[in-house]
Amino acid sequence: MRAALSEAAASIAALMQSADEEAAGILEFQIAMLDDESLVEPALAAIAAGASAADAWSDAMATEIEGYEAAEDGYFRARSSDLRDIAARVLRALSGIAEKAPPHGAIIQGKDLTPTQFLAMDWTRGGGIVLKEGSPASHVAMLARSRGVPMLVGVGSLEAANDDLVLLDAEHGHVVARPDTEAHRAFLSASATHRDRLQHAQLRVRERAVTVDGVTIEVLVNIAEPADVRTIDIAHCDGVGLMRTEFLFGHGLPDEATQYSAYRTVLEWAGDKPVTIRTVDAGGDKPVPGYTVEETNPFLGLRGIRLSLSRPDVFRVQARALLRAAVHGNLKVMFPMVSLARELVEATHLFEAEAAALAAAGIPHRMPPLGIMVEVPAVAISPEGLASAAFFSIGSNDLTQYVMAAGRDNTAVAALNDVRNPAVIALIGHVARFGAAHAIPVSLCGDAGGDPTAIPALLSAGIRALSVTPAQLPLAKATIAASRAQDTPDGAA
Ligand code: PEP
Ligand code: MG
């Protein structure tokens, strides 16, 4: 058992050699779990009582995985795939069975896929993922999204065996096994059209996004960590519309120097283009051990700016790092989950106090424009109280889940979680009009901004700046170029 655990840890460590920062974080998390004696203890006890190592390990892990799957917290449910990954890896080490890589272009199907299984595959030559369960908020979904790998979750059962022909259309959410000739021909033609569209979009990705009726739309990128910028050409976008800072909090609370260096990297890369960095949005589906609190309903709890204001010791460190980094580029700072004007006022005071302290100490710094995420329905319905914000950025992921009362991490209600619902579009339109009337710049940085099926409705609602994941840039720009800014698509009025 012990030897298998070490072998499993060593094989994960080997994978880390070629992993980027995001992937390395996930792998590190798995190694930490393998090091956790409390995870291994029940299996060792069963072995001591006479069970075989493989049975002891399988039983112990099944119980552990069940616990994670039953967790109320979406974060822990999503981590069950990490546990399944670890369980299978140790079992393989126990049985000495070598891993067999799937052929290029294979559609991987299963109950769930683990991050290390994902990372062990070469996705540059095609292929996709179809999961019976899974969650759009899981680690593997984040990895697939950022690498543009087609993936469907919550598919239920798919009757397919190895070597069956499987057609996966992640664009429209369809998967079919052993298609008849007609379905196959239709798929090939649809996929050729998609490929052409992508190639064509790629050719024009450097161009500004202008609608058919001549309205220029700003297209910015969302980034999750500084390493992301290595794969993005700044000439392809109008800046960074959202830099999430939660990655910094993955391994405890980051110090000022670590944060300053991460922010500075992105600001210097962007040159004079704007970079909107969001203060930490911990809580909800993004718990941070030692910082977030235990809650029965974390999505409606102490998250985002609420948590930052309740922990000024932590918030001040981030404010100082941002104020210092601001001298290296065109920084804007944004507060997540703002519900009340008071929160913006308090956060602004904290930034002003830290700026004054830096000035007194002779440390170079600059006060950036301070804006807010509009993702709480109260603010979208009544933005008047927050008109002193330097800008609004609509967080359509959270705004949609709160308006529709449908958890963003729950596949069972995924159909309800639709930004194109007239109620959500009406609110987005309201915010866009309010911004235009009061000279407050409004952008949208939720996932809907990069979704070609949602873009026309967002433009019609009056959105003129979108921030999208890097993999979505070409198609988002092409969709804009083929849309009218003044159109009113069906159902979006
Ligand atoms: C959003 O809610 O739309 C958003 C961009 O923030 P996050 O997905 O990080 O909650
Ligand atoms: Mg959000």
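Residue numbering note: each chain is counted from 1, following its sequence as written. For naming, the first written chain is A and the first written ligand is 1, with later ones following in the order written. Reporting in this predicted model follows two pLDDT cut-offs: at least 70 for local features of residues, and 80 or more for side-chain atom pairs to be given and counted; totals over whole chains, interfaces and linings ignore these cut-offs and use all residues. The side-chain quantities take in all heavy atoms of the structure and omit both hydrogens and water.

## A word on the overall build of the chain
Part 1 of the reasoning: Counting its secondary structure elements, the chain contains 18 helices and 14 strands.
Part 2 of the reasoning: Each radius of gyration is computed over the set of C-alpha atoms, and the globule rule expresses the reference value as 2.2 Å times the number of residues to the power 0.38. Rg of the C-alpha trace for the chain: 24 Å, near the compact-globule value of 23 Å for 493 residues, within the 12% margin.
Part 3 of the reasoning: When burial is assessed residue by residue, the chain has 48% of its 493 residues classed as buried.
Part 4 of the reasoning: Contacts were defined at the residue level, with two residues in contact if any of their heavy atoms lie within 4.5 Å. Across the chain, every contact between residues at least 6 apart in sequence was considered, and the portion connecting residues at least 24 apart equals 61%.
Part 5 of the reasoning: Only the protein chains shown count as cover for residues, with accessible areas throughout obtained via the Shrake-Rupley method and a probe of 1.4 Å. A total of about 21900 Å² of accessible surface is found on the chain, and carbon and sulfur atoms cover 54% of it.
Part 6 of the reasoning: Side chains of the chain give 40 positive and 60 negative charges; the mean places of these two sets differ by 6 Å. By the criteria applied, helices consist of DSSP H or I runs no shorter than four residues and strands consist of E runs no shorter than two, each listed in order from the N terminus. Using a 1.4 Å probe on the protein chains alone, a residue whose accessible area is under 20% of its type maximum counts as buried, one over 50% counts as exposed, and one in between counts as partly exposed. Working convention for charge: Lys and Arg count positive, Asp and Glu count negative, and His plus the chain ends are omitted. Throughout, a charge is located at the NZ atom of Lys, the CZ atom of Arg, the CG atom of Asp or the CD atom of Glu.

## Some points on unusual backbone geometry
Part 1 of the reasoning: If you check the backbone angles, D163 has positive phi at about 75° while not being a glycine.
Part 2 of the reasoning: Checked against the element boundaries, D163 lands in the loop between β3 (151-152) and β4 (166-169).
Part 3 of the reasoning: Its identity as a non-glycine residue notwithstanding, M337 has a phi of 60°, on the positive side.
Part 4 of the reasoning: Secondary-structure assignment places M337 in the loop between β10 (330-335) and α13 (341-360).

## Examining the coordination of the magnesium ion (ligand 2)
Part 1 of the reasoning: Protein coordination at the magnesium ion (ligand 2): the donors are E375 (OE) and D398 (OD), at 2.0 to 2.2 Å from the metal. Taken together, the residues E375 in the loop between β11 (370-374) and α14 (377-381) and D398 in helix α15 (residues 396-404) connect sequence positions 23 residues apart.
Part 2 of the reasoning: For E375, a relative accessible area of 1% corresponds to the buried category. Each metal's donors are the N, O and S atoms within 2.8 Å of it, or within 3.2 Å when it is Na, K or Ca, and because water is not part of the set, sites may look incomplete.

## So, the nonpolar core
Part 1 of the reasoning: Note on terminology: a nonpolar core comprises buried Ala, Val, Leu, Ile, Met, Phe, Trp, Tyr and Cys residues joined through side-chain atoms within 4.5 Å. Ranked by size, the top nonpolar core spans 86 residues in total, and within it F335, F351, F392 and I428 carry the most contacts.
Part 2 of the reasoning: Excluding residues within four positions of it along the chain, F351 makes contact with T279, F315, A319, L322, L323, V333, F335, M367 and L370.

## Points about the pattern of salt bridges
When charged atoms on two side chains of opposite charge get close, those side chains can pair.
Part 1 of the reasoning: Put simply, a salt bridge is a Lys or Arg side-chain nitrogen that is within 4 Å of an Asp or Glu carboxyl oxygen. Tallied over the full model, the rule gives 20 salt bridges.
Part 2 of the reasoning: R204 is the partner of E207 in a salt bridge, and the nearest nitrogen-oxygen pair spans 3.0 Å.

## Description of the site of ligand 1
Part 1 of the reasoning: One heavy atom within 4 Å of a molecule or strand is enough for the residue carrying it to be called near that molecule or strand. Within the structure, ligand 1 sits among 15 residues, and R244, R278, K286, N397 and R408 are positioned closest to it.
Part 2 of the reasoning: When isolated, ligand 1 has an accessible area of 290 Å², and the protein chains bury 99% of it.
Part 3 of the reasoning: Tallying contributions element by element places α15 first for the shell around ligand 1, with three residues.
Part 4 of the reasoning: Ten residues, namely Ala, Val, Leu, Ile, Met, Phe, Trp, Tyr, Cys and Pro, are considered nonpolar, four, namely Asp, Glu, Lys and Arg, are considered charged, and the remaining ones, Gly among them, are considered polar. Here the shell around ligand 1 is built from residues that sort into three nonpolar, four polar and eight charged.

## Here we look at the side chain of D281
Part 1 of the reasoning: The topology assignment puts D281 in the loop between β9 (274-278) and α11 (305-310).
Part 2 of the reasoning: Two N or O atoms count as a polar contact when they lie within 3.5 Å, although within protein this holds only if one can serve as hydrogen donor and the other as acceptor, and sequence-adjacent residues are included solely when both atoms are side-chain atoms. A polar side-chain atom of D281 sits 3.5 Å from the main-chain amide nitrogen of G304.

## Let's talk about the sheet that holds strand β1 (residues 107-110)
Part 1 of the reasoning: An order of β1-β2-β3 is seen for the three strands of this open sheet, with the pairing classed as parallel. If you trace the sheet from one side to the other, it starts and ends with β1 and β3, each paired once.
Part 2 of the reasoning: Strands were regarded as paired on the criterion that DSSP finds at least two bridges between them. Bridge count for β1 against strand β2 (residues 128-131) is four bridges, and the pairing is parallel. Within β2, the residue paired with I107 across the bridge is G128.

## Here's the deal with the pairing of β2
Part 1 of the reasoning: With burial as the criterion, each face of β2 is covered, one bearing G128 and V130 and the other bearing I129 and L131.
Part 2 of the reasoning: Pairing analysis gives two bridges linking β2 to β3, with the strands arranged parallel. Bridge pairing in β3 links I129 to M151.

## Some thoughts on the domain arrangement of the chain
Part 1 of the reasoning: Domain limits in this description derive from either an automatic procedure or a database domain assignment. When the domains of the chain are assigned, the result is domain 1 (2-95), domain 2 (107-179) and domain 3 (206-481).
Part 2 of the reasoning: Placing a centre on the C-alpha atoms of domain 1 and another on those of domain 2 gives a separation of 22 Å.
Part 3 of the reasoning: With 15 residues of domain 1 at the interface, the matching set in domain 2 holds 17 residues.
Part 4 of the reasoning: Once two parts are joined, some of their accessible surface, as seen by a 1.4 Å probe, is lost; buried area is that loss totalled over both. Around 1300 Å² of area is buried between domain 1 and domain 2 when both sides are counted, 57% of it from carbon and sulfur atoms.

## A word on helix α2 (residues 21-34)
Part 1 of the reasoning: End to end, α2 covers 20 Å across 14 residues, agreeing with the expected 20 Å (1.5 Å per residue, within 8%).
Part 2 of the reasoning: Where α2 begins, the capping side chain belongs to D20, and its oxygen is found 3.3 Å from the backbone nitrogen of E22. One less than the number of residues in a helix, times 1.5 Å, gives the span that helix is expected to have.

## As for the packing of aromatic side chains
Part 1 of the reasoning: A pair of Phe, Tyr and Trp rings is counted when the ring centres sit within 6.5 Å of each other, with Trp represented by its six-membered ring. The angle between the planes then sorts it: under 30 degrees is stacked, over 60 is edge-to-face, the rest tilted. Inspection of the entire model under this criterion finds six aromatic pairs.
Part 2 of the reasoning: Both rings, one in F335 and one in F351, keep their centres 5.6 Å apart while their planes meet at 70°; by these two values the pair is edge-to-face. With F335 in strand β10 and F351 in helix α13, this residue pair connects regions lying 16 residues apart in the sequence. Each of the two residues, F335 as well as F351, counts as buried.
Part 3 of the reasoning: Put simply, the rings of F315, F335 and F351 pair up and form one aromatic cluster.

## A closer look at the packing of α2 against helix α6 (residues 80-95)
Relative orientation and spacing of two packed helices are given, respectively, by the angle between their axes and the distance between those axes.
Part 1 of the reasoning: Every angle, taken between N-to-C directions, lies between 0 and 180 degrees, and every axis is a line fitted to C-alpha atoms, over only the stretch in contact when it is a helix. Between α2 and α6, the shortest axis-to-axis distance is 10 Å and the interhelical angle comes to 65°. Between α2 and α6 the crossing geometry is right-handed. Residues I26, F29, Q30, M33 and L34 of α2 pack against D82, L83, D85, I86 and V90 of α6.
Part 2 of the reasoning: Considering only residue class, the contact of α2 with α6 consists of seven nonpolar, one polar and two charged. Take the far helix as the reference: if the near one is turned anticlockwise from it by less than a right angle, the crossing is left-handed, and if turned clockwise, right-handed.

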